[in-house]
Amino acid sequence: MQTAELAILDWVQAHLRCGFLDAVLPVISRLSDHGEIWILLAAVLLVTKKHRWAGLSVALALLLDLVVCNGFLKPLIGRLRPFQINTAIELLTQAPLDASFPSGHTAASFTAVTALWRAGGAPKWLRWAALILAVVIALSRIYLYVHWPTDVLGGAVLGAVLGWTGAWLVSRLRRRLRGPEER
């Protein structure tokens, strides 16, 4: 499996690398270095009364992601990153120090996006923009040679599950807080 994934990563390096992407993708990837862009999204939604429940859904889902992805799975699995296997690659970004699986950037991105879509209430343009950004962040991790394709896939699946779970928990809380006449 590792050989096939290295072949994919090397194909990306040989056929897609260009000055424009070399400049843009590290910046886009950094937007989610610690989930900053998604935390900012949750904060903006939380301070807007109309979108507060969506913001709470994103925030709770991101908290779940932090615990499950970074606190549990990465240390448990301890997978080496591709640049640690193919040391001939010159990275365009600072070498991450934690384990590779699952991709934390991708997991946080898909956690936030799934929670945003599942919660509803946020403007449609915002949901689509967040989804596009999440996909680009995920693909940037492969382009930058810091994650295996299965790390990104695993992060997307994990993020979708955690985002759905966070939004579901908030929807349950919201229903409980409503009076019997509003249910």
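The structure we're discussing is the one just above.
What you are looking at is a predicted structure, and each value in this text was computed from that prediction instead of being measured. (Residues numbered from 1 in each chain as written. Predicted model: local features only at pLDDT ≥ 70, side-chain atom pairs only at ≥ 80, totals over all residues. Heavy atoms only, no water.)

(A) A look at the packing of aromatic side chains. Tallying each qualifying case throughout the model produces two aromatic pairs. Seen from their ring centres, Trp 117 and Trp 128 are 5.0 Å apart, and the 90° between their planes marks the pair as edge-to-face. A residue pair is termed long-range when its members are at least 10 positions apart, and Trp 117 in helix α6 (residues 104–119) and Trp 128 in helix α7 (residues 124–143) qualify at 11 residues. Owing to a relative accessible area of 29%, Trp 117 belongs among the partly exposed residues under this scheme. On the numbers, 6.2 Å between centres and 10° between planes, the contact of Trp 164 with Trp 168 is stacked. Placement of the pair is Trp 164 and Trp 168 together in helix α8 (residues 149–177), with a separation of four residues, close to one helical turn. Residue classification places Trp 164 among the partly exposed positions, given a relative accessible area of 43%. The exposure class of Trp 168 is partly exposed, given its relative accessible area of 32%. (Phe/Tyr/Trp six-rings, centres within 6.5 Å; stacked < 30°, edge-to-face > 60°. Helix = DSSP H or I, 4+ residues; strand = E, 2+ residues; numbered from the N terminus. Buried < 20%, exposed > 50% of the residue type's maximum accessible area, 1.4 Å probe, protein only.)

(B) Just the nonpolar core, in detail. Core analysis: the largest hydrophobic core is formed by 36 residues, its most contacted members being Trp 38, Leu 41, Leu 45, Val 58, Leu 62, Leu 116 and Leu 126. For this core, the leading source of residues is α7, giving eight residues. Each residue touching Trp 38, except ones within four places of it in the same chain, is listed here: Ser 32, Val 58, Leu 62, Ala 108, Ser 109, Ala 112, Val 113, Ala 130, Leu 133, Ala 134 and Ile 137. Formed by five residues, the second largest nonpolar core is a distinct cluster that contains Cys 69, Leu 73, Ala 107 and Leu 162. (Core = buried A, V, L, I, M, F, W, Y, C linked by side-chain atoms within 4.5 Å. Contact = heavy atoms within 4.5 Å.)

(C) Up close: a positive patch on the surface. Together, Arg 172, Arg 174, Arg 175, Arg 176 and Arg 178 line one region of the surface with positive charge. Here Arg 178 is to be found in the segment after α8. Residue classification places Arg 178 among the partly exposed residues on the basis of a relative accessible area of 30%. (Patch = residues over 30% accessible without salt bridge, like charges linked within 9 Å, V, L, I, M, F, W, Y side chains within 5 Å. Areas by Shrake-Rupley, 256 points an atom, 1.4 Å probe, with all protein chains shown as cover. Salt bridge = Lys/Arg side-chain N within 4 Å of Asp/Glu carboxyl O. Lys, Arg positive; Asp, Glu negative; His and termini not counted. Charge placed at Lys NZ, Arg CZ, Asp CG, Glu CD.)

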